[in-house]
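Chain and residue survey
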Amino acid sequence: MAWVRLANMDDLQDEILACEQGDEQIALFLVDGEVYAAGNVCTHDYALLTDGFLEDGCIECPLHAARFDVRTGEVQCGPAKDHLKVYPVEIRGDEVWVDV
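Thresholds applied
- Residues numbered from 1 in each chain as written.
- Predicted model: local features only at pLDDT ≥ 70, side-chain atom pairs only at ≥ 80, totals over all residues.
- Heavy atoms only, no water.
- Helix = DSSP H or I, 4+ residues; strand = E, 2+ residues; numbered from the N terminus.
- Rg over C-alpha atoms; globule rule 2.2 N^0.38 Å.
- Contact = heavy atoms within 4.5 Å.
- Areas by Shrake-Rupley, 256 points an atom, 1.4 Å probe, with all protein chains shown as cover.
- Lys, Arg positive; Asp, Glu negative; His and termini not counted.
- Charge placed at Lys NZ, Arg CZ, Asp CG, Glu CD.
- Buried < 20%, exposed > 50% of the residue type's maximum accessible area, 1.4 Å probe, protein only.
- Phe/Tyr/Trp six-rings, centres within 6.5 Å; stacked < 30°, edge-to-face > 60°.
- Lys NZ or Arg CZ within 6 Å of the ring centre and 35° of its normal.
- Salt bridge = Lys/Arg side-chain N within 4 Å of Asp/Glu carboxyl O.

Looking at the overall build of the protein chain
- The helix and strand inventory of the protein chain stands at zero helices and eleven strands.
- For the protein chain, the α and β elements follow one another from N to C terminus as β-β-β-β-β-β-β-β-β-β-β.
- For 100 residues, the compact-globule estimate of 2.2 N^0.38 gives 13 Å, and the protein chain sits close to it at 12 Å.
- Overall, the protein chain is about 40 × 25 × 20 Å in size when its C-alpha atoms are taken along their principal axes.
- Of the contacts formed within the protein chain by residues at least 6 apart in sequence, a portion of 39% connects residues at least 24 apart.
- Of the accessible surface of the protein chain, which amounts to about 5500 Å², a share of 42% is contributed by carbon and sulfur atoms.
- For the protein chain, the distance from the average position of its 6 positive side-chain charges to the average position of its 21 negative side-chain charges is 5 Å.

Right, dumping it as structure tokens:
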């Protein structure tokens, strides 16, 4: 794993940001002032979670409404059964760094 800069804090004004690092689709989420990073593809069927709805720390998939806790990656509501991959995040000044 390696730390990479994925965004600036200003990029998270909408609370959700899609990023790519190599072949990885990563979503950044701003929840209660904290930044979290998780896989951006629903584990049930291919859909970008950044096209979904973020509420109370959970992202809802726009395709079949599976819900995931963005802080832990845990499935909160099916049809998804597999958790999202989550990544460690560090804020360095105004930059968002993720350990991918």
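A few points about unusual backbone geometry
- Note the cis peptide between Gly-78 and Pro-79, where omega equals 25 degrees.
- Non-glycine residue Asp-56 carries a positive phi angle of around 55 degrees.
- Mapped onto the elements of the fold, Asp-56 is located in the loop between strand E5 (53-55) and strand E6 (58-60).
- Given a relative accessible area of 67%, Asp-56 falls into the exposed group.

Quick notes on the packing of aromatic side chains
- Under the counting rule described, the total for this entry stands at zero aromatic pairs.
- Its guanidinium or amino end placed over the ring of Trp-97, Arg-92 lies 4.3 Å from that ring's centre, counting from NZ or CZ.

A word on the pattern of salt bridges
- What the rule picks out here adds up to four salt bridges.
- Salt-bridge contacts for Arg-5 lead to Glu-95; the nearest nitrogen and oxygen are separated by 3.4 Å. In this pair, Arg-5 is assigned in strand E1 (residues 3-8) and Glu-95 in strand E11 (residues 95-99), connecting sequence segments 90 residues apart.
- Put simply, Arg-67 and Glu-60 hold a salt bridge, and the shortest N to O gap is 3.9 Å.

The values reported here are purely geometric and, on their own, carry no functional implication.
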